[in-house]
Amino acid sequence: MEKKLAAADKKLVQILENACAVCLSILVIAVAYQVVAREILHVAATWTTEVGRAMFLAVVFLGTPILIFEEGQMCVSMVKELFHKQKLTTLLFNIIGDIFIYFGLITLTYGALNRTLSEWKTMIPTVEWITYGYLYLVMFIGCLCMVYMQVRRTKKYVLAFLEKEV
């Protein structure tokens, strides 16, 4: 079972990495076009601002689960390093930290779902084919992936602790 979950984790990370790469490419193209259109062609390209904002949001919310999975997010580990030889204390610090992380992630997920539903049909004025609901949907999907990766991370260090204690 654990091998299947590990394979699913890797597949999810691969999908998220590819989605982030596509979004980042679109972001670069939109910003480059915006510079060329405004500075060289002297043409207003208002849609590029909204597309750029949407792609930046997508990169952030779809990229963060990858950081959680790879434990690449920034953290202050000074206190944990003081007690690194005391495994139970380290586990307690991890659990306390996770409680705050889960509170933030669940709050963010609920807010993204709520805004997705309430803004689903609200059009963005400069890009009529994108609604604000779509942007919040990307946030919601990213938040769900963050919660999943955080649960996997928590399970990994708790099981590692229990195996060392037995």
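Model, not experiment: these values are computed from the prediction.

A closer look at the overall build of the protein chain
Counting secondary structure elements, the protein chain contains five helices and two strands. When the helices and strands of the protein chain are listed from N to C terminus, the series reads α-α-α-α-β-β-α. Here the C-alpha atoms of the protein chain give a radius of gyration of 20 Å, more than 25% beyond the 15 Å that 2.2 N^0.38 yields for 166 residues. When the backbone C-alpha atoms are referred to their principal axes, the protein chain occupies close to 70 × 35 × 30 Å. A burial count over the protein chain gives 31% of its 166 residues as buried.

Some remarks on unusual backbone geometry
Of note, the phi angle at H42 is positive, near 55°, even though the residue is not glycine. Within the secondary structure layout, H42 lies in the loop between α1 (2–40) and α2 (47–69).

Section: the nonpolar core
Judged by nonpolar contacts, the single largest core of 27 residues is most densely connected at M55, F61 and M146. Among the elements of the structure, α1, α2, α4 (87–118), β2 (127–131) and α5 (132–165) are those that each provide at least two residues to this core. No other element matches the nine residues that α2 contributes to this core.

Some words on the side chain of Q34
In this fold, Q34 is placed in helix α1. When its relative accessible area of 17% is taken as the criterion, Q34 is described as buried. Excluding its chain neighbours within four sequence positions, the residues that come into contact with Q34 are T48 and T49.

Details of α2
Given a rise of 1.5 Å per residue, 23 residues ought to cover 33 Å, and the 34 Å separating the end C-alpha atoms of α2 matches this to within 8%. Maximum bend of α2: about 25°, positioned at G63, with proline P65 one to four residues after it. Where α2 ends, the next residue or the one after it, E71, has phi of about 50°, a positive value.

Structural notes on α4
In this model, α4 (32 residues) spans 46 Å end to end at C-alpha, consistent with the 46 Å of a helix rising 1.5 Å per residue. Among the residues of α4, those classed as buried are T90, L91, N94, D98, L105, T109, A112 and T116.

Examining the pattern of salt bridges
Counting across every chain of the model gives seven salt bridges. Between K155 and E2 there is a salt bridge, and its shortest N-O distance comes to 3.1 Å. Taken together, the residues K155 in helix α5 and E2 in helix α1 connect sequence positions 153 residues apart. By relative accessible area, E2 is classed as partly exposed at 41%. For the salt bridge of K156 with E71, the shortest nitrogen-to-oxygen distance reads 3.3 Å. A residue pair is termed long-range when its members are at least 10 positions apart, and K156 in helix α5 and E71 in the loop between α2 and α3 (78–82) qualify at 85 residues. E71 gets classed as partly exposed once you look at its relative accessible area, which sits at 43%. Among the charged side chains, a salt-bridge network with shared partners connects E2, D9, R152 and K155.

The rules behind each value
Residues numbered from 1 in each chain as written. Predicted model: local features only at pLDDT ≥ 70, side-chain atom pairs only at ≥ 80, totals over all residues. Heavy atoms only, no water. Helix = DSSP H or I, 4+ residues; strand = E, 2+ residues; numbered from the N terminus. Rg over C-alpha atoms; globule rule 2.2 N^0.38 Å. Buried < 20%, exposed > 50% of the residue type's maximum accessible area, 1.4 Å probe, protein only. Core = buried A, V, L, I, M, F, W, Y, C linked by side-chain atoms within 4.5 Å. Contact = heavy atoms within 4.5 Å. Expected span 1.5 Å × (residues − 1). Bend = angle between axes of the 7 residues up to and from the residue. Salt bridge = Lys/Arg side-chain N within 4 Å of Asp/Glu carboxyl O.

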